[in-house]
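Notes for the structure review
The lines below spell out each chain.
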Amino acid sequence: MKNALKETILAAAMVDHEKGIFPSSDFCEVVLEEPKADSHGDWSTNMAMQMAKAQRMSPRKIAETLIGHLDDKKGIIDRTEIAGPGFINFFIRPSAWYPVLAAIHEQDDQYGRCDLGKGTRIQIEFVSSNPTGPLHVGHGRGGAVGDSTANILSFCGFDVQKEYYINDSGRQIQTLGMSVYLRGKELLGETVAFPDTCYQGDYIRDLAGELLEREGRELFEKSEAEAIMPCARYAAQKITEGMRADLVDFGVTFDQWFSEQSLYDSGRVAGDIRDFKEKGLIYEKDGALWFKTSDYGDEKDRVVVRQNGQTTYFASDITYHKEKFERGFQKVIDVWGADHHGYIPRMKAAVEASGYDRDQFDVLLVQLVNLLRAGQPVAMSTRAGEFVTLADVVKEVGRDAARFIFLTRHYESSLDFDLELAKQKTNDNPVYYVQYVHARISSIHRKSESDRLDVSGFAPSDLSALETPEDIALIKALARYPETVGTAGALMEPHRITYYLMTLAAAFHTYYNRHRVLSEDDLKLTRARLYLIAAVQKVIRNGLALLGVSAPDAM
RNA sequence: GCGCCCGUAGCUCAGCUGGAUAGAGUGCCGGACUACGAAUCCGUAGGUCGCAGGUUCGAAUCCUGCCGGGCGCGCCA
């Protein structure tokens, strides 16, 4: 409908130009927007003001001329008006909205899909927590944002791959192995000093116990040098499995789990370092190897191989991101915690130095989560091993509430997550507000069946009974969905879907309280309204699916 | 000191690729269930969009400077 209106306006402008009324053929793009106030119509354009300069005419004069030559072939315009400095406002005939409902029913779970991405291969990497401890709420937010963004991008015509990068190499893994090894010794009855630098959580002791049962006491009687890596590998693998299970419970799955260690095992990291050395992008200074990231906008060069010969995290990251592009992704997205923001310039530099456009790589920086309980901060100390894990949160408040709340804020804003609030089944907790719409509509459909209202096989050709302002307002809300999805995809902002759903839910609840759907003495109206609310239900379900939240038939 | 994010109603936040009278929830106050689920709805009240300049026909939105809060600035990850 919007496009039809655009074409009509553009055609009018062409006619005016051909007649010589508009001297310039420079028509700016026709931009239609929805005015905030209903009194300004259904659609509004500012093009008369935009064109004023090129046409050397006053905006209002241009507007008048344009309106005079509108040829509304489809008969969708009820009336037009010129307002303010030169806005043209269009009022749409109520019945012109009806085709939206047919489109929803025809396209069903595909309603709202677009081809923004045109098949672009895009990879989104998220969570990627180190396998040294359980996932916490911050990872939950990253998981919700990453997974939902992937859903939305896919719905917008991108070819999306979701990936988890396992940091199963480097010093932290050594530390993990050491932690397990020492706890194992304790289990054997030895008295050992357990350093602060080791991981303190109880899960380490559990892992040591499992390993002891599996491998016997010999492992822990070996020397540190011999025992650490077996301990580390076992622990990292078990922890990774646990994280995968927690993420599944949270509704987050990945297409691929990519091991950092595999980049070393295949010799790719060493190979890349050699290649960059030959190109002069890696040089030696103070006994270490440095990458010339400052040539690509970073504030200084960065170490890739330390004086002691060990590679840094950055070294494998260079190879990893290069490898991503070599796999054929045209666009690579990383979802990081905001505390890593200082890492972006060097990563962009590495991508550019690898021969790719720095804009092909983007980072979604997700701000931190403040965990609260009834307004009071929950102490989060990783070192002391005291933290509320993602699994705890999902268990306590449920997957749907957790995911929805994580997506009620722009990811660039910090988020207060209140465990008590998240459990409440009130309006404080908007997930139920939205899900309630779905359940209510299911309930109405059940009722229509039990009342044996003769509306079977409804696909009414006559929707003229949908005539109240609330009927039309609801259809208009449904009509906004595709554009909302498109914006959410283009900007990678899943919270736009969340807000859309809350607005749609509000429109439905208002409608519900004001009008009856089922009335035995007016089957034409009943049929039309059942058709309408079924469309609402489909859009609610589609939107919730993009967020990874269920749409229950009863609550 | 430098960099990134944030600053909008008492509180929590949308709106930010410039549009008309700045929105929602919550909280306060007052209303609506003998018909489809009251986990709902309706109404009243509540604002120097941090401050000051600039660009523009038009700025919460863009630019500059300041103020306040958070997070970073390692041959850690």
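Since the model is a prediction, treat every value here as computed from it, not as a measurement.

The 5 strands lie next to each other as β7-β6-β5-β11-β12, forming an open sheet whose pairing is parallel. The two strands at the open ends of the sheet, each matched to only one other strand, are β7 (256-259) and β12 (361-366). Neighbour to neighbour, the strand axes of the sheet diverge by 25° on average, direction disregarded. Looking at chain direction, strand β5 (residues 121-125) and strand β6 (residues 159-166) are connected through 5 bridges and run parallel. Note on β6: the bridge partner recorded for E125 is E163.

Attention now goes to the protein's contact with RNA strand B. Not every one of the 62 residues close to RNA strand B is listed here, only the nearest: R306, H341, Y433, Y436 and S443. Between RNA strand B and the protein, one listed contact pairs a sugar or linking oxygen with a side-chain N or O atom of N130 at 2.7 Å. Between a base oxygen of RNA strand B and a main-chain N or O atom of M555, the distance comes to 3.0 Å. When its residues are assigned to classes, the surface near RNA strand B shows 21 nonpolar, 23 polar and 18 charged.

Before going further, it helps to spend a moment on the pairing of strand β4 (residues 87-92). Burial runs high along β4: 5 of the 6 residues are buried. In the sheet, strand β2 (residues 43-45) pairs with β4 via 3 bridges, with the strands oriented antiparallel. Residue T45 lies in a different strand from β4, and its bridge partner there is I88. Both strand β3 (residues 77-83) and β4 contribute to a ladder of 6 bridges, which runs antiparallel. Looking at the pairing, I77 lines up with I92 of β4.

Our next topic: the pattern of salt bridges. Side-chain pairs of opposite charge can arise whenever the charged atoms involved come near each other. Counting across every chain of the model gives 31 salt bridges. The residue D202 makes a salt bridge to R205 at a minimum N-O spacing of 3.6 Å. Residue D202 and its partner R205 are located together in helix α7 (residues 202-215), separated by 3 residues, close to a single helical turn. Given a relative accessible area of 54%, D202 falls into the exposed group. The exposure class assigned to R205 is partly exposed, which follows from its relative accessible area of 33%. Here the residues in one salt-bridge network are R268, D272, K322 and E326, joined through shared partners.

All right, on to empty space enclosed by the protein then. Summary: where empty space remains is shown by rolling a probe the size of a single water molecule over the atoms. Applying the stated criterion to the full structure yields 1 cavity of 30 Å³ or more. Space inside the largest cavity adds up to approximately 50 Å³. Contributing elements (two or more residues each) for the lining of the largest cavity: α11 (268-278) and α12 (313-326). Residues that form the lining of the largest cavity fall into these classes: 8 nonpolar, 1 polar and 1 charged.

As a further point, take the packing of helix α2 (residues 47-55) against helix α3 (residues 59-68). Taken N-terminus to C-terminus, the directions of α2 and α3 make an angle of 110°; their axes are 8 Å apart at the nearest point. With respect to α3, the axis of α2 lies roughly perpendicular. Two secondary-structure elements touch here, α2 through M47, A48, M49, M51, A52 and Q55 and α3 through P59, I62, A63 and L66. Within the contact of α2 with α3, the residues separate by chemical class into 9 nonpolar, 1 polar and no charged.

In this section: the side chain of E125. Residue placement: E125 occurs in strand β5. Relative accessible area serves as the criterion here: at 5%, E125 is assigned to the buried category. Setting aside residues up to four positions removed in sequence, E125 forms contacts with E163, Y165, Y320, H321, K324, I333, D334 and V335.

Attention shifts here to the environment of R217. Following the sequence through the fold, R217 ends up in the loop between α7 and α8 (218-221). On the basis of relative accessibility, which here comes to 43%, the residue R217 falls in the partly exposed class. Taking the C-alpha atoms as reference, R217 lies 46 Å from I282; in sequence the two are 65 residues apart. Every residue in contact with R217, bar those within four places of it in the chain, is listed here: L188 and L212.

Looking at the assigned domains, one finds that chain A contains domain 1 (2-92), domain 2 (171-249) and domain 3 (429-547). For domain 1 and domain 2, the distance between their C-alpha centres works out to 71 Å.

Here T253 is to be found in the loop between α9 (224-249) and β7. Through-space distance from the C-alpha of T253 to that of K162 is 7.9 Å; in sequence the pair is 91 residues apart. Beyond its immediate chain neighbours, meaning those up to four positions away, T253 contacts D147, K162 and V248.

Helical geometry note: an α-helix holds 3.6 residues per turn, so side chains three or four residues apart project in the same direction. With 25 residues, helix α21 (residues 523-547) should cover 36 Å at 1.5 Å per step; its first-to-last C-alpha distance of 36 Å lies within 8% of that length. The first or second residue beyond α21 is G548, which carries a positive phi of 80°.

In space, the 4 strands of this open sheet follow the order β1-β2-β4-β3, with antiparallel pairing throughout. Pairing within the sheet leaves two strands with one partner each, and these edge strands are β1 (32-33) and β3. Where α3 meets the sheet, its contacts fall on β3 and β4, and the angle it forms with β3 comes to roughly 165°.

What counts and how
Residues numbered from 1 in each chain as written. Chains lettered and ligands numbered in written order. Predicted model: local features only at pLDDT ≥ 70, side-chain atom pairs only at ≥ 80, totals over all residues. Heavy atoms only, no water. Pairing = 2+ DSSP bridges. Helix = DSSP H or I, 4+ residues; strand = E, 2+ residues; numbered from the N terminus. Axes fitted to C-alpha atoms, helices over the stretch in contact; angles between N-to-C directions. Near = heavy atom within 4 Å. Polar contact = N/O pair within 3.5 Å; in protein donor to acceptor, adjacent residues only side chain to side chain. Nonpolar A, V, L, I, M, F, W, Y, C, P; charged D, E, K, R; others polar. Buried < 20%, exposed > 50% of the residue type's maximum accessible area, 1.4 Å probe, protein only. Salt bridge = Lys/Arg side-chain N within 4 Å of Asp/Glu carboxyl O. 1 Å grid on protein atoms, 1.4 Å probe; cavity = no way out; pocket = protein on both sides within 12 Å on 5 of 7 lines; lining within 4 Å. Points joined across faces, edges and corners; volume = space filled by probe spheres on them. Parallel < 35°, antiparallel > 145°, perpendicular 65-115°, else oblique. Contact = heavy atoms within 4.5 Å. Domains from an automatic or database assignment. Expected span 1.5 Å × (residues − 1).

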